[in-house]
Amino acid sequence: MAPTAGGQGSGARLRSDGLEGQAGSGSRAGSGSRAASSAPAESGSAAEVGQTSSRVSFQTEPARYRHWRLAIEPPVATLAMDVAEDGGLDAGYELKLNSYDLGVDIELYDAVQRLRLEHPEVRTVVITSAKEKVFSAGANIRMLATSAHATKVNFCKFTNETRNGIEDATANSGQTYIAAVNGTASGGGYELALACQHIMLIDDRSAVVSLPELPLLGVLPGTGGLTRVTDKRQVRRDLADYFATRAEGIGGARAVAWRLVDEAVPRSEWDQSVAARAQEFAARSPRPPDGRGIQLTALDKSRSGDSIGYRHVSARLDHAAGEVSITVRGPRQDAPADVRALYHEGDAFWPLAVTRELDDLILDLRTNELELGTWVMRTEGDSQRVLAYDRLLLAGAGDWLVNEIILYLKRTLKRLDVTSRSLIALIEPGSCYAGSLLELALAADRSYMLAGQFEDSEPRAEAAAIVVGDMNLGPLPMGNGLTRLHARYLGDPDALDRVCKQVGDLLLAEDAERLGLITFAPDDIDWEDEVRIAVEERASFSADALTGMEANYRFSGPETMETKIFGRLAAWQNWIFARPNAAGPDGALRRYGTGQRARFDRKRV
Amino acid sequence: MPVAADYGEKIPNNVRLHEDRRLQRALEAWQPNFLSWWDAMGPALPTRDVYLRTAVNVGREGWAQFAHVPMRDYRWGIFLAERDQDRVVAFGEHKGEPAWDKVPGEYRADLQRLIVIQGDTEPASVEQQRNLGATAPSLYDLRNLFQVNVEEGRHLWAMVYLLQAYFGRDGRAEADQLLRRSSGSLESPRILGAFNEETPDWLSFYMFTYFTDRDGKYQLGTLKESAFDPLSRTCEFMLKEEAHHMMVGTTGIDRVVERTAQLMAEHDTDEVVGHGAIPLKVIQKYLNFHYSVSLDLFGGETSTNVANYYTAGLKGRWMEERRRDDHKLTDDSIMVDALTEEGEIGQAEVAALIGLNTDLRREYIEDCQSGVSRWNKILESAGLPQRLKLPHVAFNRKVGAFARIEASPDGEQLSAEQWQHRKGDWLPTDVDKTYIRSLMQPVYERGKIAAWIAPPRHGINGQPFDYEYVHLT
Ligand SMILES: [Fe+2]
Ligand SMILES: [Fe+2]
C-alpha cells in the first residue's frame with residue numbers, strides 16, 4: 001500500500017508545489033455510507049432486496065472510466081491519470097491530487113488488460129498524469145484511515161497484482177510501460193512509476209519522487225515500493241533507508257544518481273523526450289505490426305446473494321457454512337483447428353473466456369465475500385478437449401494473442417495463489433482436471449479425488465481421472481518462478497520426474513495418490529463425510545491463522561520480487577495496519593491531517 | 001462383500017447394519033483382527049462354553065438372553081439406546097439446538113479423542129484380567145468374570161462402531177490402534193496408566209470392578225449427555241452393562257466381607273488368616289489402593305480441555321438434565337481441592353467450567369460411599385464394631401493438587417519420611433499380596449467355593465449356585 005505525502009500536519013517542505021495534502025481540511029468529514037459511483041457497485045436487482053451494502057464490481061470499459069484517459073496513437077498508448085475527486089467508491093473521502101482508491105485501480109487494471117489483449121499495435125504504454133504538477137499522491141489516506149482492516153488488505157493485494165501485471169506486460173508481451181512522472185509522485189504514485197520499466201521525472205525544481213508513508217503515516221509503502229527500490233532498481237540500501245524516511249522526497253539529478261528514476265528531463269524538453277523514449281521502446285517490441293486485436297466484451301454474468309454465474313464458471317455461496325462451491329466447466333466444443341480460427345472466436349474462445357470469468361469471480365469473492373473462507377473447486381467436462389485447447393495454445397505460442405491468453409491464465413492462477421481463502425479441489429467422475437485446469441487442483445491447499453465410482457452413478461460413468469499436460473510443465477509458473485508441480489515436489493526431483501513421465505496419461509485416483517498429485521483418495525463410501533468434515537473443520541479454525549499457514553505453504557522454494565511483495569512486504573504492512581501506532585486513535589494514519597501529532601508506543605516488537 | 005443378512009446374524013445390532021455398506025466393509029476388516037486379539041489377549045483359561053448373557057436387542061426382552069456359548073462365538077453386538085427424534089443439546093453454547101446425528105467437522109478431533117480414550121479402556125480391562133480364570137473361587141465367579149470380559153469386548157465394539165461409522169478414514173485407523181495397543185506393553189501401552197497394571201487376584205478384581213469400572217460409569221455418564229447423538233445413545237446402553245459389572249464388584253466385596261465377618265464373629269478374633277480368609281485390615285488396604293488410584297482417573301481438579309468439551313457440547317456433567325442451573329456455567333464458580341499457599345490441604349475457588357473434573361469426582365465419591373456403607377452393614381449385622389471407610393481424597397494421589405504431598409487416610413499431611421514409614425499400614429504390602437495370592441486356588445467343582453469368600457445369595461438368571469456355569473475343556 002502506498003499512501004502519500006504532502007500533508008499539512010507534517011513539516012514537509014512541499015508547500016511550494018502547491019500540494020495541499022490530499023487529506024487536508026477540505027475533505028468531507030465522517031465516513032459516509034457507500035455510494036455507488038464510477039465503475040463499481042452494481043445496482044441490486046429486485047431479487048436482491050435485503051442485501052445491504054452494494055458490491056464492488058470489477059467490470060468496466062474505457063467509455064466508463066472516470067479516472068483515466070486512454071489515448072492510443074500506435075505504437076504508443078498514453079494512460080493519463082485524472083482522478084475525479086468526487087469519484088471515490090465511498091463518499092467518506094475526496095480523491096484529491098490524483099490519489100486513488102480501489103475504484104481508480106479497477107479502471108487501471110481494465111486498461112492494462114485491454115491494452116494487452118485488444119491492442120497488439122500498442123508497444124509502449126506511457127503512464128502519466130493529466131493534472132498540473134502532480135503525478136499521483138498515492139492511495140487516498142482518508143480512505144485508508146477509515147477503511148476496515150480487511151478492506152485495506154484486499155485493496156493492497158489487488159493494486160499489487162495490477163502492478164505485477166504491468167511488469168508482466170513489459171517482460172513478456174513486448175508492451176513496455178514508461179512512467180512519465182510530470183509532477184510529484186509520492187507514495188503509491190511513485191510505486192506505480194516503479195512498476196514501469198523506465199521512469200522519467202520532470203526536472204522543474206519542484207517535482208520529486210517520495211515514499212513518505214513511514215514518516216508521515218506510520219505505515220509502509222506496501223505496493224511493492226520497498227521491494228522494487230532495492231530489488232528492481234537496485235538502490236543502495238542505506239540510500240533507500242534515507243529516501244524512505246524523508247517525507248519530502250528527492251528530485252532532479254540526485255534522484256537519477258540514486259537510481260530512483262532513470263532520467264530527469266527539463267520541462268522544455270519533456271513532451272519531446274517522452275515521445276522519443278516511447279518510440280525507442282516500441283521499436284524493440286516483438287509485437288506484430290499488423291496484429292488484429294480482439295474485443296473484450298462485457299462478461300455474461302449473473303450475480304445474486306447466493307450465486308454467481310457465467311458461461312463456463314459458476315459459484316454457489318453458502319453463507320451459513322462459510323463456503324463457496326465453484327464449478328469450472330471445460331470447453332463445450334472441440335478446439336478450433338488452428339490459431340486463425342481462434343481469432344474468429346474472439347473473447348468467446350474457451351481458454352480466454354474461462355480465464356476472464358475465473359478472474360472476475362476471484363476478485364468478486366475476494367472483495368465482496370469476506371466470510372466465505374473456504375472455496376471448494378470442481379471442474380466439469382471433457383479432459384481431452386481441455387488438452388486439445390492446451391495443445392493449440394502451446395503450438396501457437398509464437399502468436400501474440402495466444403501468448404497473451406497463456407499469460408493471462410498464468411496471472412489469474414497467481415491471483416488464486418495469493419487469495420486468502422482455503423482452497424479445496426474435489427476431483428470427481430466427470431471432472432476435467434487436465435493440463436491447464438489441473439493447475440486449479442495443484443493450486444489448492446488440499447485435493448480429494450474419488451477412488452472408483454459413486455455407487456448411484458450411471459453404470460457407464462468413468463472413474464475420475466486427472467491428466468498432467470505440458471501446460472503444467474512451464475508456461476504457468478507461480479510467483480516464485482516455479483511451476484506448481486515443481487513447488488509441490490520441492491527437494492524431490494525423482495517424484496517430479498515420475499510425474500513428468502506420465503504426461504498425457506489418464507491418472508486414476510490410486511495413481512494420482514501414489515504420485516502425490518492429490519491429497520486423499522476416499523472411495524464412494526467415505527467421500528461425503530471426508531469432504532464434509534474437512535470443510536467444516538476448516539471453517540472452525542482461526543481465519544487469520546489459516547491465511548498465514550496457507551500463504552506459507554503455498555510458496556515453497558525461492559523468493560522472487562513477487563513473493564517478497566506478497567509475503568514479506570504485505571505481511572509486515574498488514575501487521576502494521578493492525579497496530580495502534582498506525583490504526584489506533586492516536587496512530588499516525590488516523591491522526592494524519594488532523595493537525596495533531598501521532599503518539600507512538602515506543603516499544604520495539 | 002458378504003451377504004448383509006449374514007452380518008445381522010453374526011453381529012446383533014439395531015443400527016441397520018445390513019443397510020450400511022460403509023460399516024459392513026469396515027467391520028468386515030476389523031472383525032478378524034478383533035477375534036485374533038481376543039484369542040491372544042482375552043481370557044487365558046481354556047473353556048468349552050460359558051453361561052452368558054447376550055444382548056440381541058435393546059428392549060426388555062432382548063437385552064438379556066442366556067445360554068451356554070463358546071466365548072469365541074459370542075455375538076458381540078452393536079446397540080444404541082432408542083433414538084429420541086426431538087432430543088436437543090442440554091448444555092454448553094449449543095444448548096437448545098437439535099442434537100447432532102453427524103460429527104460436526106469443527107469437533108471431529110475432540111470427539112474422536114474422547115471416544116478413543118474411552119474405547120481404549122475397554123479391551124484394556126480384558127487384558128488386565130486375562131489370567132484370573134486360573135484362580136477363580138467358583139464356577140459362578142468364573143462365569144461373572146467372563147461375562148464382564150465379553151461385555152468389555154462389546155464396549156470396544158461399541159466405540160469401534162462409532163469410529164468406523166462416523167469418523168471416516170481417521171476413525172478406521174484409530175479403531176485398528178485400539179487392537180494394537182495392549183495393557184502393560186512396553187512398546188504400545190494402553191493410554192491411561194491405571195489400565196496397564198495386571199489385575200493379579202480376585203480381591204483386586206472385585207475392587208477393580210467396584211471402583212475402577214465405576215469411574216468408567218461416570219465417564220460414560222458424561223458422554224451420554226453428548227450433543228453427538230450416536231455417542232450419547234451408545235453410552236446410554238453401555239451404562240446398563242456397566243451397572244452389572246459393578247454389581248459383580250459390589251457383591252464380590254460383600255461376600256469377602258461376609259466371609260471374614262462370619263469367621264471373626266464365630267471365633268471372636270480379628271485373626272482370620274488361620275481360617276483361610278482375608279483380614280479386614282487387608283480388605284481396607286485394597287480398598288484404599290483401588291479407590292485412590294481410581295480418583296486419579298478423573299484427572300486434575302481443573303481442566304481447560306474438559307471446560308472446552310463442555311462448552312462445545314461434547315461431554316456434559318453427570319445427570320446434566322437434572323441440574324438446576326443455566327447449563328452453560330459461564331458465570332459460576334466451584335470450590336476445588338487445592339493446596340493452600342502454606343502448602344496445606346484445602347480448597348480454592350475456580351470458574352465452574354474449569355472445575356468440572358472436580359464436580360464429576362465428587363459425584364463418584366458419593367457413589368463409592370454407598371458401597372462402603374453396605375459392607376459396614378454386613379459387619380454390623382455380624383455384631384462387629386469394626387468398620388471400613390473411604391480414605392481421604394488426598395491419600396495416595398498421583399494426579400492433581402495432592403500429587404505432590406503425602407497424606408494419611410484421615411487426611412493428615414505427612415512428610416515423605418513419615419509416609420515411607422507408615423504406608424504399609426494403609427496400602428497392600430508384599431506380605432499382604434503374597435498372602436492373597438496364596439489364597440487364589442481355583443475351585444472348578446460345581447457347587448463348591450473357596451474358603452475366603454462366601455457363596456452368593458442367588459445364582460444367575462434364576463439358576464442355583466451349583467449350576468454348571470462354565471464348561472472347561
Ligand atoms: Fe466397559
Ligand atoms: Fe466395565
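Counting restarts for each chain, with residues numbered from 1 along the sequence as it is written. Whichever chain is written first becomes A and whichever ligand is written first becomes 1, with later ones labelled in order. The predicted origin of the model limits local features to residues at a pLDDT of at least 70 and limits the giving and counting of side-chain atom pairs to 80 or more, whereas totals for whole chains, interfaces and linings rest on all residues. Values shown for side chains rest on all heavy atoms present in the structure; no hydrogens or waters enter the calculation.

Student: Mind showing me how you'd approach the overall build of chain B here?
Tutor: Put simply, DSSP marks the helices as runs of H or I at least four residues long and the strands as runs of E at least two long, and each gets a number from the N terminus on. For chain B, the helix and strand inventory stands at twelve helices and seven strands. Dimensions of chain B, computed from the C-alpha atoms along their principal axes, are close to 65 × 60 × 40 Å. The rule is simple: take the accessible area with a 1.4 Å probe, protein chains only, and divide by the maximum for that residue type; under 20% is buried, over 50% is exposed, in between is partly exposed. Looking at chain B residue by residue over its 473 residues, the buried ones come to 57%. Only heavy atoms matter for contacts: two residues are in contact if any of them lie within 4.5 Å across the pair. Restricting to contacts in chain B with at least 6 residues of sequence separation, those with at least 24 account for 72%. Method for areas: the Shrake-Rupley scheme with a 1.4 Å probe, in which residue coverage is limited to the protein chains shown. Roughly 19,600 Å² of accessible area belongs to chain B as shown, and the carbon and sulfur atoms make up 47% of that amount. Here chain B contributes 55 positive and 71 negative side-chain charges, whose respective centroids are spaced 4 Å apart. We count Lys and Arg on the positive side and Asp and Glu on the negative side, and we leave His and both chain ends out. For charged residues, the charge sits on one atom: NZ in Lys, CZ in Arg, CG in Asp, CD in Glu.

Student: Would you take a moment to explain the side chain of T355(A) for this structure?
Tutor: Residues and elements named next belong to chain A. Residue position: T355 is located in helix α11 (residues 350-368). With a relative accessible area of 2%, T355 lands in the buried category. Among all residues touching T355, those that are not within four sequence positions of it are Y408, L409 and T412.

Student: Help me understand the sheet that holds strand β2 (residues 65-69) of chain B in this model?
Tutor: Two pairing modes exist for strands in a sheet, parallel and antiparallel, and in both the strands are linked by backbone hydrogen bonds. Residue and element names in this part refer to chain B. Here the rule is simple: two strands pair whenever DSSP picks up at least two bridges between them. Spatially, three strands are ordered β2-β1-β7 in an open sheet, and the strand pairing comes out antiparallel. Because the sheet does not close on itself, it has two edges, and the strands there are β2 and β7 (470-472). Each adjacent strand pair in this sheet contributes to an overall mean axis angle of 15°, direction not counted. In this sheet, β7 lies alongside strand β1 (residues 47-54) in antiparallel orientation, the contact comprising three bridges. Its bridge partner being in β7, T47 is matched across the sheet by L472. The strands touched by helix α4 (residues 139-166) are β1, β2 and β7; relative to β1, the strand with the most contacts, the crossing angle is about 65°. To obtain each axis, a line is fitted to C-alpha atoms, and for helices this fit is confined to the stretch in contact; angles are then taken between N-to-C directions over 0 to 180 degrees.

Student: Please explain the packing of aromatic side chains as it appears in this structure.
Tutor: By convention here, two paired aromatic rings are described through the distance between centres and the angle between planes. All names here are of chain B. In summary, the pairing rule links any two rings of Phe, Tyr or Trp, Trp by its six-membered ring, whose centres are within 6.5 Å, and it sorts them by plane angle into stacked for under 30 degrees, edge-to-face for over 60 and tilted for everything else. Counting across every chain of the model gives 43 aromatic pairs over all chains. Taking the centre distance of 5.6 Å and the plane angle of 50° together, the rings of F79 and F237 count as tilted. With F79 in the loop between β2 and α3 (108-128) and F237 in helix α7 (residues 229-267), this residue pair connects regions lying 158 residues apart in the sequence. Under the relative-accessibility criterion, F79 is labelled buried at 0%.

Student: Would you mind showing me how to read helix α6 (residues 225-232) of chain A here?
Tutor: Three or four residues apart is the spacing at which side chains of an α-helix point the same way, because the helix has 3.6 residues per turn. All names here are of chain A. Buried within α6 are the following residues: G225, T227, R228 and V229. As for α6, its buried residues are in contact with α3 (149-172), α4 (188-194), α7 (237-244) and α20 (561-578). Just beyond α6, the residue with positive phi is Q234, at close to 55°.

Student: I tried to follow the coordination of the iron ion (ligand 2) on my own but got confused; where do I start?
Tutor: The reference angle at a metal is 109.5 degrees if four donors form a tetrahedron and 90 or 180 degrees if six donors form an octahedron. All names here are of chain B. Counted as coordinating are nitrogen, oxygen and sulfur atoms within 2.8 Å of the metal, or 3.2 Å for Na, K and Ca, while water is not included, which may make sites look incomplete. Protein coordination at the iron ion (ligand 2): the donors are E152 (OE), E242 (OE) and H245 (ND1), at 1.7 to 2.3 Å from the metal. Written as a sequence motif, the donor residues of the iron ion (ligand 2) are E-x89-E-x2-H. In this structure, the iron ion (ligand 2) lies 3.2 Å away from the iron ion (ligand 1), the two metals sharing E152 as a donor. Of this pair, E152 sits in helix α4 while H245 sits in helix α7, placing them 93 residues apart in sequence. An identical accessibility class is assigned to E152 and H245; each is buried.

Student: Mind showing me how you'd approach the coordination of the iron ion (ligand 1) here?
Tutor: Residue and element names in this part refer to chain B. Bound to the iron ion (ligand 1) on the protein side are E122 (OE), E152 (OE), H155 (ND1) and E242 (OE), at distances that span 2.1 to 2.5 Å. Geometry is assigned from the angles between donors: four donors with all angles from 85 to 135 degrees make a tetrahedral site, four or six donors whose opposite pairs exceed 155 degrees while the rest stay between 65 and 115 make square planar or octahedral sites respectively, and everything else is labelled irregular. Metal-centred angles of 76 to 153° between the four donor atoms at the iron ion (ligand 1) mark the site as irregular. Ordering the donors of the iron ion (ligand 1) by residue number gives the pattern E-x29-E-x2-H-x86-E. We classify H155 as buried; its relative accessible area is 0%.

Student: Which parts of the structure should I look at to understand α4(B)?
Tutor: Residue and element names in this part refer to chain B. Along its 28 residues, α4 runs 40 Å from first to last C-alpha, staying within 8% of the 40 Å computed at 1.5 Å per residue. For α4, the tally of buried residues reaches 28 of 28 residues, placing the bulk of the element in the interior. Counted as a polar contact is a pair of N or O atoms within 3.5 Å, where, for protein atoms, one must be capable of donating a hydrogen and the other of accepting one, and residues adjacent in sequence contribute only when both atoms are in side chains. Between a side-chain oxygen at the N-terminus of α4 and the backbone nitrogen of Y140 the separation is 3.3 Å; the capping residue is S138. Phi turns positive, to about 60°, at G168, one or two residues after α4. The span one expects for a helix is its residue count, reduced by one, times 1.5 Å.

Student: Can you walk me through a nonpolar patch on the surface in this structure?
Tutor: Taken together, the side chains of W572(A), W575(A) and V605(A) present a nonpolar region at the surface, about 360 Å² in accessible area. Given the relative accessible area of 72%, V605(A) is considered exposed. Here the term patch refers to residues with relative accessible area over 30% and no salt bridge, with like charges joined within 9 Å and nonpolar side chains (Val, Leu, Ile, Met, Phe, Trp, Tyr) within 5 Å. Salt bridges are defined by distance alone: a side-chain nitrogen of Lys or Arg within 4 Å of a carboxyl oxygen of Asp or Glu.

Student: What should I look at first to understand the sheet that holds strand β8 (residues 184-186) of chain A in this one?
Tutor: Judged by pairing direction, the sheet is parallel, and its three strands sit side by side in the order β5-β8-β10 (chain A) without closing on themselves. Each having just a single partner strand, β5 (134-136) and β10 (209-210) of chain A make up the two edges of the open sheet.

Student: For this particular structure, what's the right way to read the nonpolar core?
Tutor: Side chains of a nonpolar character, in soluble globular proteins, are inclined to be buried together. In this structure, Y190(A), I326(A), I466(A) and L517(A) are the most contacted members of the largest nonpolar core, which totals 151 residues. Those residues in contact with I466(A) that lie beyond four places of it in its chain are I427(A), Y433(A), L438(A), M449(A), D505(A), L506(A), L507(A), A512(A), L517(A) and I518(A). For this analysis, a nonpolar core means a set of buried residues of the types Ala, Val, Leu, Ile, Met, Phe, Trp, Tyr and Cys, connected via side-chain atoms within 4.5 Å. Y107(B), L179(B), L295(B) and Y309(B) belong to the second largest nonpolar core, which has 117 residues in total.

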